[in-house]
Amino acid sequence: MHQSADGVTANRGTYGKGWPWKSHDVVMACSDAANGGAYLNADDGENYLLTGTIAQPGFFKGNAGVLLWDGKDGDAYAEWVDAGERLCSDGA
């Protein structure tokens, strides 16, 4: 998995061939809408739950693992989840 220097942004251009997301660009952030967990904001302008549970109905379009991930690289997805847990370990 490739992310930017700040560890919260990745895109197809920097990841290279085999980018496993259906979205071209995704930004990871924390939110109380995910009970202080992490979510991904995709280039379609929608938010997708990454870690935590939904606390604010309507904030998320769906689950990142189901709706953004195409199953191409489960290890890379696991790294996203781990990064989200580290980034948002103290809540939003």
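Quick caveat: nothing in here was measured; it's all calculated off a predicted structure.

S.K.: An account of unusual backbone geometry is needed here, citing residue identities and associated values.
M.R.: With a phi close to 55°, Asn-35 is a non-glycine residue in the positive phi region. Turning to its location among the elements, Asn-35 is positioned in the loop between strand 2 (25-30) and strand 3 (38-42).

S.K.: I'd like to hear about the pattern of salt bridges, residue by residue, with values.
M.R.: Going through the model one piece at a time under the given rule, you end up with one salt bridge. With a closest N to O distance of 4.0 Å, Lys-61 and Asp-44 form a salt bridge. Remark: Asp-44 occurs in the loop between strand 3 and strand 4 (47-49) and Lys-61 occurs in the loop between strand 4 and strand 5 (62-63); sequence separation between them is 17 residues. Under the relative-accessibility criterion, Asp-44 is labelled partly exposed at 41%.

S.K.: Can you tell me about the environment of Gly-74, naming the residues and giving the values?
M.R.: On the secondary structure map, Gly-74 appears in helix 3 (residues 74-87). Of the residues examined, Gly-74 reaches a relative accessible area of 45% and is grouped as partly exposed. In sequence terms Gly-74 and Pro-20 are 54 residues apart; their C-alpha atoms lie 9.0 Å from each other.

Rules and cut-offs
- Residues numbered from 1 in each chain as written.
- Predicted model: local features only at pLDDT ≥ 70, side-chain atom pairs only at ≥ 80, totals over all residues.
- Heavy atoms only, no water.
- Helix = DSSP H or I, 4+ residues; strand = E, 2+ residues; numbered from the N terminus.
- Salt bridge = Lys/Arg side-chain N within 4 Å of Asp/Glu carboxyl O.
- Buried < 20%, exposed > 50% of the residue type's maximum accessible area, 1.4 Å probe, protein only.

Taken by themselves, the reported measurements are silent on function.
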